[in-house]
Structures are given as structure tokens and as C-alpha cells.
Amino acid sequence: MRNYDIEFLKHFSMVIAFLVVVTLGLILGAMWLHSDRAVAAEDAIEGGVEARLQPYGAVYAGETGAAALAAAAEAARAAAAAQVAYGGTEDGSVIYGNLCGACHDSGAGGAPKMEQAAWAARIGKGEETLIKHAIEGFQGEAGLMPARGGNPSLTDAQVAATVKWMLGNLQ
Ligand code: HEC
């Protein structure tokens with residue numbers, strides 16, 4: 001080999017060696033920086049990804065899943081219905097005070113207030129109809145009366161007693 005080839009190889013290997021040192025330095029530096037950061041556990045990451053993959057607003061359960069959703073809703077309804085509302089009392093004033101008054105005291109949402117004038121036309125429908133509407137819910141011109149005042153655990157008898165109490169206590 002000629003002299004300048006040796007000279008070149010010398011310089012070239014020095015450059016390579018320098019680059020190797022820089023590379024190792026960068027690797028070690030990156031490892032050192034990284035060791036400071038807590039990395040979220042795998043589970044948390046996977047959970048987050050799964051959550052972000054859900055359709056907006058609801059879980060699409062597909063055609064077969066619809067049956068599962070319906071079953072879950074039915075189970076929830078049955079569980080709610082199995083609860084005993086207000087200790088099972090059939091004292092209309094208690095149920096009214098706890099639930100119905102929220103709308104019927106103030107007239108919220110178009111609910112008829114506890115005044116004769118507001119009820120005269122309704123009483124004309126007959127008590128049975130009013131009770132039926134209170135149990136099943138009723139969409140009238142004034143607004144929406146929710147089924148059982150919105151508490152599915154009320155029994156028919158409790159709702160009927162409350163309607164009777166209301167009719168007997170109009171101002
Ligand atoms: C979220 C508000 C709300 C609650 C709570 C509520 N009501 Fe009503 N209720 C209404 C509205 C609004 C109407 C009027 C509907 C219409 O005629 O447009 C109504 C109407 C009625 C009527 C007359 C139905 C008819 O056929 O004219 C009865 C009876 C009645 N409610 C009983 C009850 C009883 C009993 C409760 C408690 C168990 C109750 N309501 C709780 C909003 C409510």
C-alpha cells in the first residue's frame with residue numbers, strides 16, 4: 001500500500017471510531033433520559049385505546065348484541081320495580097311530597113298545579129282514567145306526565161292512592 005492510503009485509513013477509522021462513540025453516547029443518553037419517565041402500564045394503555053375505539057354515544061352491540069342490551073334493560077327495569085318505593089307506603093301525601101310535588105307544586109313542565117281550576121277538566125275524564133294516566137304516563141297538550149311520576153318502583157296501588165290524595169287536596 002502506498003503511504004497516503006495508510007494515512008487515509010488512519011483518518012477514516014478515527015472518524016468511524018468517533019461516530020461509534022457518539023452513537024453509544026446518544027443511546028446511553030436516551031436510556032438515561034427515558035429512565036426518568038414513568039411509562040403507563042400496558043393495561044392502562046390498552047384500556048385507553050379500547051375506550052377510544054368505542055362508537056360515539058353508545059356501544060354498538062350489533063344485531064345479536066341488541067338482544068343482550070334489551071335483556072340488560074329488562075333486568076334493570078325489573079330490579080327497579082322490585083325496590084320498595086317510600087317504604088311501600090300508600091299514604092298519598094308522602095308520595096306526593098317526595099315525588100309528584102316536584103312538578104305539581106310549581107307547575108313545572110306544564111304539570112297542573114294543585115288548584116281546582118287546573119283540574120276541573122281533568123276530573124271530568126273520571127278518576128279511573130286519571131289513575132291510568134298517572135300509572136302509564138300521559139302526553140297531553142300541557143306536557144308530559146311521566147309513567148309513575150318517573151319512579152318505576154311505585155306500585156299501581158301507591159300511584160292510585162296518590163292520585164286520590166291529590167284530587168282530595170286541591171285548593
Ligand atoms: C316530571 C314532572 C311530573 C312529575 C314528577 C309528576 N307529574 Fe303528573 N303531570 C305532569 C304533567 C306535565 C302533566 C300534564 C300532562 C298534560 O295533560 O299535558 C301531569 C298530569 C298528571 C295527571 C293528570 C293526567 C290527565 O289525564 O289529565 C295526574 C293524575 C298526575 N299528573 C298525577 C301525578 C302523580 C300521582 C305523580 C307522582 C307519582 C305525578 N303526577 C308526578 C308532570 C309530572
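The structure presented is a predicted model; accordingly, all values stated were derived computationally and were not measured.

Rules used in this analysis
Residues numbered from 1 in each chain as written. Predicted model: local features only at pLDDT ≥ 70, side-chain atom pairs only at ≥ 80, totals over all residues. Heavy atoms only, no water. Donors = N, O, S within 2.8 Å, 3.2 Å for Na, K, Ca; no water. Buried < 20%, exposed > 50% of the residue type's maximum accessible area, 1.4 Å probe, protein only. 1 Å grid on protein atoms, 1.4 Å probe; cavity = no way out; pocket = protein on both sides within 12 Å on 5 of 7 lines; lining within 4 Å. Points joined across faces, edges and corners; volume = space filled by probe spheres on them. Helix = DSSP H or I, 4+ residues; strand = E, 2+ residues; numbered from the N terminus. Nonpolar A, V, L, I, M, F, W, Y, C, P; charged D, E, K, R; others polar. Domains from an automatic or database assignment. UniProt positions renumbered as here; feature names shortened; annotations may be inferred. Phe/Tyr/Trp six-rings, centres within 6.5 Å; stacked < 30°, edge-to-face > 60°. Core = buried A, V, L, I, M, F, W, Y, C linked by side-chain atoms within 4.5 Å. Contact = heavy atoms within 4.5 Å.

A separate point is the coordination of the iron atom of the ligand. At the metal site, the iron atom of the ligand is ligated by H104 (NE2) and M145 (SD), and these contacts range over 2.0 Å. For H104, a relative accessible area of 8% corresponds to the buried category.

Turning to the layout of surface pockets, a few remarks are in order. Estimated volume of the largest pocket: approximately 530 Å³. Residue lining of the largest pocket: 32 residues in total, with H104, P112, W119, A134 and M145 positioned closest to the centre. Of all the secondary structure elements, the ones that give two or more residues to the lining of the largest pocket are α4 (92–104), α5 (116–123), α6 (127–136), β2 (144–145) and α7 (156–168). Broken down by element, the lining of the largest pocket gets its largest block of residues, six residues, from α4. Classifying every residue of the lining of the largest pocket gives 20 nonpolar, eight polar and four charged.

What follows covers the domain arrangement of the chain. According to the domain assignment, the chain consists of domain 1 (1–37), domain 2 (42–82) and domain 3 (89–168). Computed over C-alpha atoms, the centres of domain 2 and domain 3 are 34 Å apart.

Using the residue numbers shown here, the UniProt feature "domain: Cytochrome c" (unreviewed entry) corresponds to residues 87–170. Helix makes up 52% of residues 87–170 and strand 5%, and the two end C-alpha atoms of the span are 25 Å apart.

Turning next to the packing of aromatic side chains. Throughout the structure, instances matching the rule amount to two aromatic pairs. Summarising the aromatic geometry, the rings of F8 and F12 are spaced 5.5 Å apart at their centres and angled 15° between planes, so their arrangement reads as stacked. Of this pair, F8 and F12 both sit in helix α1 (residues 3–35), four residues apart, roughly one helical turn. Relative accessible area serves as the criterion here: at 43%, F12 is assigned to the partly exposed category. When the centroid spacing of 5.1 Å and the interplanar angle of 40° are considered together, the rings of Y96 and W165 count as tilted. One end of the pair, Y96, is in helix α4; the other, W165, is in helix α7, with 69 residues separating them in the sequence.

In this section: the nonpolar core. Counting 18 residues, the largest nonpolar core has W119, L154, V159 and V163 as its most contacted members. Mapped by element, the contributors of at least two residues to this core are α4, α6 and α7. Of the residues forming this core, the biggest block, five residues, is contributed by α7. Not counting residues within four places of it along the chain, the set of residues in contact with V159 comprises I131, A134, I135, R148 and L154.

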